[in-house]
Amino acid sequence: MLENRLVCILGCGLQIRMVTKSDYDDLCGCSSDDWQKLFEIALKHNVGGVFYDGLQSIYSCFGDPLKDCGECKKLKATLLHTTLRLEQLNRKQTLTLRRMGTYLGDNGCTMMVMKGQACGLFYPNPLHRSVGDIDFYLFEDYERGNELVRNLGIHVDDSWYKHSEFSIDGESFENHQFFIATRGGKHYKQLNEKLCETLAAGNMDCFPESNVLLPPVMFNALFLTYHAFIHFMSEGLRLKQVLDWVMFVNKHLADIDWNELHHQCEHYKLNRFLIAMNAIAVDFFGVEKKAGGMLCESPYKDRMLASILYDDDYIFNSGQGKWKQRYHIVSNMVKYRWKYRDIAQQSVIKQLWTNLLGFIFKTE
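(A) Region of interest: the sheet that holds strand β1 (residues 112-114). Strand order in the open sheet formed by four strands is β1-β2-β4-β3, with mixed pairing between adjacent strands. Where the open sheet ends on each side, the last strands, each with one partner, are β1 and β3 (163-168). Strand-to-strand twist across the sheet, computed as the mean angle between neighbouring axes with direction ignored, equals 30 degrees. Bridge count for β3 against strand β4 (residues 171-176) is six bridges, and the pairing is antiparallel. Bridge pairing in β4 places F166 opposite F173.

Shown next as structure tokens:
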């Protein structure tokens, strides 16, 4: 019941589904404790801005569903403050992104932004998509990009092979040399090569008012699937990333070559996850299934959504040290091993062994 109410509000905030009188009456029946739980989940999963938009949409149709009590007034005030703060953070991050694109471009580097700010453009209000790191790719200029940032007097941490990290004006950047962790084995190297091929074959638009490129549709389709899959399997997946997929599919439903995407995901054992994510987008959030070849019938959708909402598996921004994070990852793999059996179609023992070798030999 709680999940249905949350999805209803978020779906309205995304402007995918329309609230009905029945939905409104159900929300009016929520107690103050119910609203407290809904607000806590929305903020925990970094979808507070969309939650705010959903409540505003419902209010414009039928009125305020929250009870007229002190507790609910405090919740609304907190949500408004959080949303206004989010708008400020997004404006600042967008400005910093454009400046970085101009600097790198003036020095001969082509910059493509991925994930966060690129996904934000799928939303009705990009300012209400939660901010994070700025992930970007410089094609053949990874090392040159790092050097250009150092020339500004900024420290660049390139101790990990996948991407370097640095901070400018309080914004964290990740300069990607690879799209995925390629030292995990031949399988991952092949997937990274496939992503590079897909990137080279696609058409790219620019981020608004900048020279920064946006990923092609088919690159995003495979990359966002892989990225969410990795988080779901071992690191914790948030509703923010689920909504990124929902909005990507909602916008590019007819542009995606679904037969090709499912073929690639089948090869890399991402297909069960992809189909379940499609099912969540269609059956819960109301994305219309109009594209031929799109598969969205999954027996795992309910368990996946419940796992995303309630499992204690999230690692990032937890404040844990490196070894505690590693222990948490291994603990997640054992505790939620059904994900490996049912979703990834692989042995959790084999994955644990791979992780152990990575820890010992410092390949990951």
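So that's the structure; there's more coming.
(B) Structural detail: the packing of aromatic side chains. Following the criterion strictly, the structure yields 18 aromatic pairs and no others. Residues F136 and F173 carry aromatic rings whose centres are separated by 6.0 Å and whose planes lie at 80 degrees to one another, so their mutual orientation is edge-to-face. Of this pair, F136 sits in strand β2 (residues 134-137) while F173 sits in strand β4, placing them 37 residues apart in sequence. By relative accessible area, F136 is classed as buried at 1%. Overall, the relative accessible area of 1% leaves F173 in the buried class. Sitting above the plane of the F284 ring, K301 keeps its charged end 5.9 Å from the centroid.

(C) A look at helix α5 (residues 70-106). For α5, which comprises 37 residues, the first-to-last C-alpha distance of 54 Å matches the rise-based estimate of 54 Å (1.5 Å per residue) to within 8%. G108 lies just past α5 and shows a positive phi near 85 degrees.

(D) A look at the packing of helix α11 (residues 258-267) against helix α12 (residues 271-284). Between α11 and α12, whose axes approach to 7 Å, the crossing angle comes to 135 degrees. Taken together, the axes of α11 and α12 are oblique relative to one another. For the pair formed by α11 and α12, the contact residues are W258, L261, H262, C265 and E266 on the first element and N271, L274, I275 and N278 on the second. The residue inventory of the contact of α11 with α12, partitioned by class, reads five nonpolar, three polar and one charged.

(E) View of the pairing of β2. Residues I134 and F136 of β2 are buried on one face, and the alternating residues D135 and Y137, pointing to the opposite face, are buried as well. Relative to β2, β1 runs antiparallel, the two sharing three bridges. By the bridge assignment, V113 is partnered in β2 with F136. Bridge count between β2 and β4: four bridges; the pairing is parallel. For D135, the partnering residue across the bridge sits in β4 and is E174.

(F) Seen up close, the packing of helix α10 (residues 239-252) against α12. With their axes 10 Å apart at the nearest point, α10 and α12 run at an angle of 75 degrees to one another. Taken as axis vectors, α10 and α12 run roughly perpendicular relative to one another. Within the contact between the two elements, α10 uses V242, W245, V246 and V249 and α12 uses L274, M277, N278, I280 and A281. Partitioned by chemical class, the residues of the contact of α10 with α12 number eight nonpolar, one polar and no charged.

(G) The arrangement of the pattern of salt bridges in detail. In total, this model carries 15 salt bridges according to the counting rule given. Between D342 and R341 there is a salt bridge, with its nearest N and O atoms 2.9 Å apart. For D342, a relative accessible area of 14% corresponds to the buried category. R341 gets classed as exposed once you look at its relative accessible area, which sits at 52%. Taken together, the salt bridges that share partners define one network made up of R5, D26 and D34.

(H) Representation of the environment of V212 within the structure. Assignment of secondary structure puts V212 in the loop between α8 (186-201) and α9 (217-235). As a C-alpha pair, V212 and M100 span 112 residues in sequence and 8.9 Å in three-dimensional space. Excluding residues that lie within four positions of it along the chain, V212 makes contacts with L97, G101, M111, M112, V113, D205, C206 and F207.

(I) Quick look at unusual backbone geometry. In the Ramachandran plot, K115 falls in the positive-phi region, its phi being about 55 degrees despite a non-glycine side chain. What makes K115 buried here is its relative accessible area of 15%.

(J) Spotlight on the nonpolar core. Grouped together as the largest cluster of nonpolar side chains are 90 residues, with contacts concentrated most on W35, F51, F179, W258 and F285. Looking at this core element by element, the count peaks at ten residues for α9. Excluding its chain neighbours within four sequence positions, the residues that come into contact with F285 are V7, L10, G11, L14, I16, R17, V242, L243, V246 and I280. In terms of nonpolar packing, the next biggest core, distinct from the first, is built from 20 residues, F136, L148, F166 and V212 among them.

The rules we used
- Residues numbered from 1 in each chain as written.
- Predicted model: local features only at pLDDT ≥ 70, side-chain atom pairs only at ≥ 80, totals over all residues.
- Heavy atoms only, no water.
- Pairing = 2+ DSSP bridges.
- Helix = DSSP H or I, 4+ residues; strand = E, 2+ residues; numbered from the N terminus.
- Axes fitted to C-alpha atoms, helices over the stretch in contact; angles between N-to-C directions.
- Phe/Tyr/Trp six-rings, centres within 6.5 Å; stacked < 30°, edge-to-face > 60°.
- Buried < 20%, exposed > 50% of the residue type's maximum accessible area, 1.4 Å probe, protein only.
- Lys NZ or Arg CZ within 6 Å of the ring centre and 35° of its normal.
- Expected span 1.5 Å × (residues − 1).
- Parallel < 35°, antiparallel > 145°, perpendicular 65-115°, else oblique.
- Contact = heavy atoms within 4.5 Å.
- Nonpolar A, V, L, I, M, F, W, Y, C, P; charged D, E, K, R; others polar.
- Salt bridge = Lys/Arg side-chain N within 4 Å of Asp/Glu carboxyl O.
- Core = buried A, V, L, I, M, F, W, Y, C linked by side-chain atoms within 4.5 Å.

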